[in-house]
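Residues per chain, in single letters:
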Amino acid sequence: MNEIIGVRIVENREVAHATRWLTLEGDLPYELEPGHIVVVYVPDLAHNWVRHPYTVSWASPGRFSILYRVVRGGRTTEGMAAMGVGDTLRLGSRHGEPVRRLVGDAPRLVGVSTGVGIGPLLGYARTEHGRAVTLISGFREARDVPPWPTVAAEIRPTLTRPDSAWTGRVGRVDRHLSGLDAPDVHWHLVGNGAMVASVRAGLFAAGVPRERLTVEVYFDKQAAPDPEVVERLGRG
């Protein structure tokens, strides 16, 4: 599908530090679900249209939403953050598979994410999935944690830079995966390349079959696994 269409902004609000929830509507040429990747064309600060892939966090007929991070100095997100209700973006092609299809018929899902990677996992948890869902979600600071709707999932956020008021989990997500694997679990990793590469290699080393693990990398796609993480996860 090469057609590019206009889509209108109906919501573009800050939900956490430098993190926004964007909802777009229009005559969409395809169906969308959480986990689909869409190409969005955004005007940069010089008013040039720049294409960028974004992962769908939620969708309903004629609408879809994206949880995105505003990157200082980035070509697209600063301009997108400045746009308001009624402004128009351009929508291109759809790619990838939704979380629902990746999970398949597995009775349980463990989703591991960093930053806005929690978006499509929360979206899946909002659907009528009928599965046990556990989400291990990493953030830097408490102000980076977005609010989430009531969902059928156990959500376990963890911070790498907690302040004295934080009483939850601390450290990277790979520190909080012990005891979660089982033969009926499907693992889905979403976020930065370093996390995905390290956790994926560690789970493989622990004996998780490749067919029970899927990933989506947001950036640093060439990152190498951290040997310490791989060795630790490999011990189970």
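The structure this text deals with has already been given above.
1. A short note on the overall build of the protein
The secondary structure content of the protein amounts to 5 helices and 13 strands. For the protein, the C-alpha atoms occupy an extent of roughly 50 × 40 × 35 Å along the three principal directions. Sequence-distant contacts in the protein: of pairs separated by 6 or more residues, those separated by 24 or more amount to 64%. Total accessible area computed for the protein in this model is approximately 11700 Å², and 49% of it derives from carbon and sulfur atoms. Taking the average location of the 28 positive side-chain charges in the protein and that of its 26 negative ones, the two points are 2 Å from each other.

2. Let's talk about the packing of aromatic side chains
The tally for this structure, following the rule as stated, stands at 0 aromatic pairs. Over the aromatic face of Trp58 sits the side chain of Arg126, whose NZ or CZ is 3.8 Å from the ring centroid. We note Arg210 situated over the ring of Phe204; from NZ or CZ to the ring centre the distance is 4.3 Å.

3. Quick notes on the layout of surface pockets
Taken as a whole, the largest pocket holds about 1400 Å³ of empty space. For the lining of the largest pocket, the elements supplying multiple residues, two or more each, are strand 4 (49–55), strand 6 (63–69), helix 1 (77–81), strand 9 (132–139), helix 4 (193–205) and strand 13 (213–219). Top contributing element to the lining of the largest pocket by residue count: strand 4, with 5 residues. Grouping the amino acids of the lining of the largest pocket by side-chain chemistry returns 22 nonpolar, 14 polar and 11 charged.

4. Here we look at the environment of Asn192
By secondary structure assignment, the location of Asn192 is in strand 12 (residues 185–192). Here Asn192 falls in the buried class, since its relative accessible area comes to 18%. Once the C-alpha coordinates of Asn192 and Ser113 are considered, the two residues, 79 residues apart in sequence, prove to be 8.2 Å apart. Polar contacts involving the side chain of Asn192 include one to the main-chain amide nitrogen of Met195, which spans 2.8 Å.

5. A closer look at the packing of helix 4 against helix 5 (residues 227–234)
As a packed pair, helix 4 and helix 5 sit with axes 7 Å apart at the nearest point and diverge in direction by 35°. Between helix 4 and helix 5 lies a crossing of right-handed hand. Taken together, the residues of helix 5 that come into contact with helix 4 (itself represented by Ser198, Val199, Ala201, Gly202 and Ala205) are Val229, Val230, Leu233 and Gly234. Class assignment of the residues belonging to the contact of helix 4 with helix 5 gives a composition of 6 nonpolar, 3 polar and no charged.

6. Points about the side chain of Ser57
With respect to the element layout, Ser57 can be found in the loop between strand 4 and strand 5 (58–60). A relative accessible area of 2% places Ser57 in the buried class. Of note is the side chain of Ser57, whose polar atom sits 3.3 Å from the backbone nitrogen of Leu67. Discounting chain neighbours no more than four positions away, the residues touching Ser57 are Trp21, Pro34, Ser65, Ile66, Leu67, Gly119, Pro120 and Gly123.

Analysis parameters
Residues numbered from 1 in each chain as written. Predicted model: local features only at pLDDT ≥ 70, side-chain atom pairs only at ≥ 80, totals over all residues. Heavy atoms only, no water. Helix = DSSP H or I, 4+ residues; strand = E, 2+ residues; numbered from the N terminus. Contact = heavy atoms within 4.5 Å. Areas by Shrake-Rupley, 256 points an atom, 1.4 Å probe, with all protein chains shown as cover. Lys, Arg positive; Asp, Glu negative; His and termini not counted. Charge placed at Lys NZ, Arg CZ, Asp CG, Glu CD. Phe/Tyr/Trp six-rings, centres within 6.5 Å; stacked < 30°, edge-to-face > 60°. Lys NZ or Arg CZ within 6 Å of the ring centre and 35° of its normal. 1 Å grid on protein atoms, 1.4 Å probe; cavity = no way out; pocket = protein on both sides within 12 Å on 5 of 7 lines; lining within 4 Å. Points joined across faces, edges and corners; volume = space filled by probe spheres on them. Nonpolar A, V, L, I, M, F, W, Y, C, P; charged D, E, K, R; others polar. Buried < 20%, exposed > 50% of the residue type's maximum accessible area, 1.4 Å probe, protein only. Polar contact = N/O pair within 3.5 Å; in protein donor to acceptor, adjacent residues only side chain to side chain. Axes fitted to C-alpha atoms, helices over the stretch in contact; angles between N-to-C directions. Left-handed = near helix turned anticlockwise from the far one by under 90°.

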